[in-house]
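Okay, here's what each chain looks like letter by letter:
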Amino acid sequence: MLLHTIRVNPSEENINIGPLGIRFLLTGDDSNGSASVFEVLVPVGQKLAAPAHKNDAYEEILYGIKGVLTWAVEGTPIAVGLGQALCIPRGAVHRFDNLGSEDVKQLAFITPAIMGRPYFREAAEVIAAAAGPPDRAKMMDVFRRHGMTVAAPPPAK
């Protein structure tokens, strides 16, 4: 017997993190904890404001809908464009930048659904409160509480 109503985009919500747009579609509540699904909208020239990080206990799968987003996974740049998919395994250090000439839209799947809307809401608050780069200690705390670890800065050259 179903305990909730089945419907399209049951957890739809738009969350802005600075210039980035996140459009949630499904959360762990909608999938018995198995997946979160959301769109990521990244304007042209935008770089991830948060530091490189790793997902401690979940995979992050990206699927290109529009434009090309360059993900750095364990230091290797990987361009993900229209119709392409990338799985970032748990524990892999990653980040992204829109180095292309158009805005990007990608679909993200988090499995299991450890990271969801609360992470993006809290990250948006930390970024909005900063006059410049976000407070690293506050971001590290938000990351930690949502299953992520901030990567150590790269060694100085």
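Scroll up to find the structure this text is about.
Presented here is an overview of the structure given in this document. Throughout, residues of each chain are indexed from 1 in the direction in which the sequence is written. Selection of residues for local features in this predicted model requires a pLDDT of at least 70, selection of side-chain atom pairs for listing and counting requires 80 or more, and totals for whole chains, interfaces and linings are taken over all residues. With hydrogens and water stripped out, all remaining heavy atoms of the structure feed into the side-chain values.

1. Let's talk about the pairing of strand β8 (residues 85–88)
Walk down a regular strand and you will see the side chains alternate between the two sheet faces. Put simply, the rule reads: Residue burial is assigned from relative accessible area. The probe radius is 1.4 Å, only protein chains are included, and a residue is buried under 20% of its type maximum, exposed over 50%, and partly exposed in between. Comment: elements are numbered from the N terminus, with helices defined as DSSP H or I runs of at least four residues and strands as E runs of at least two. Note on pairing: two strands pair once DSSP finds at least 2 bridges between them.
Here β8 shows one buried face, formed by Leu-86 and Ile-88, and one open face, formed by Ala-85 and Cys-87. Note: strand β5 (residues 59–66) against β8, four bridges, orientation antiparallel. Residue pairing for β8: Leu-62 is matched across the bridge by Leu-86.

2. Examining empty space enclosed by the protein
Basically, it comes down to this: For each structure, a 1 Å grid was placed over the protein atoms alone; sets of points admitting a 1.4 Å probe that cannot get out are labelled cavities, open sets with protein on both sides within 12 Å along at least five of seven lines are labelled pockets, and lining residues have an atom within 4 Å of a point. Grid points are joined across faces, edges and corners, and a volume is the space filled by probe spheres set on the points. In the scheme used here, Gly and all other residues not listed as nonpolar or charged are polar, with Ala, Val, Leu, Ile, Met, Phe, Trp, Tyr, Cys and Pro taken as nonpolar and Asp, Glu, Lys and Arg as charged.
Scanning all chains against the criterion turns up one cavity of 30 Å³ or more. Considering the residues around the largest cavity, the lining is formed by 24 residues, among which Leu-48, His-53, Phe-96, Tyr-119 and Phe-120 are closest to the centre. For the lining of the largest cavity, the residue count by class is 20 nonpolar, three polar and one charged.

3. Overview of helix α1 (residues 117–129)
Let me state the cut-off plainly: Between the first and last residue of a helix there are one fewer steps than residues, each counted as 1.5 Å, and that sum is the expected span. Of all possible arcs, the one meant is that of the directions from the helix axis to the C-beta atoms. Contacts are residue-level and defined by heavy atoms, with any inter-residue pair within 4.5 Å sufficient.
The end-to-end C-alpha separation of α1 is 19 Å, in line with the 18 Å expected for 13 residues at 1.5 Å each. What α1 keeps buried is the set Tyr-119, Phe-120, Ala-123, Ala-124, Val-126 and Ile-127. Viewed end-on, α1 has its buried residues packed into an arc of 165°, placing them on one side of the element. The outward face of α1, more than 90 degrees from its buried face, is lined by the exposed residues Glu-125, Ala-128 and Ala-129. Buried residues belonging to α1 abut β1 (13–17), β2 (20–26), β3 (36–42), α2 (136–145) and β11 (148–150).

4. A few points about the sheet that holds strand β10 (residues 104–111)
The line we're drawing: Working convention: axes come from line fits to C-alpha atoms, limited for helices to the stretch in contact. Angles between N-to-C directions cover 0 to 180 degrees.
With antiparallel pairing, six strands are arranged side by side in an open sheet as β1-β2-β3-β10-β5-β8. Looking at the sheet topology across the chains shown, the edges are occupied by β1 and β8. Between one strand and the next, the sheet's axes are offset by a mean angle of 25°, whatever the strand orientation. Strands β1, β2 and β3 of the sheet are contacted by α1, whose axis makes an angle of about 35° with β1.

5. Overview of the packing of aromatic side chains
What counts here: Note on ring pairs: Phe, Tyr and Trp rings are taken, using the six-membered ring of Trp, and paired if centres are within 6.5 Å. Classes follow the plane angle, with under 30 degrees stacked, over 60 edge-to-face and the rest tilted.
All chains considered together, the criterion is met by six aromatic pairs. Consider the rings of Tyr-119 and Phe-120, whose centres lie 4.9 Å apart with planes at 70°: the pair is edge-to-face. For the pair shown, Tyr-119 and Phe-120 are each scored as buried. Centre to centre, the rings of Tyr-119 and Phe-143 are 5.7 Å apart; their planes meet at 75°, and the pair counts as edge-to-face. On the criterion of sequence distance, the pair formed by Tyr-119 in helix α1 and Phe-143 in helix α2 is long-range, its members being 24 residues apart. When its relative accessible area of 0% is taken as the criterion, Phe-143 is described as buried. In this structure an aromatic cluster arises from ring pairing among Phe-24, Phe-38, Tyr-119, Phe-120 and Phe-143.

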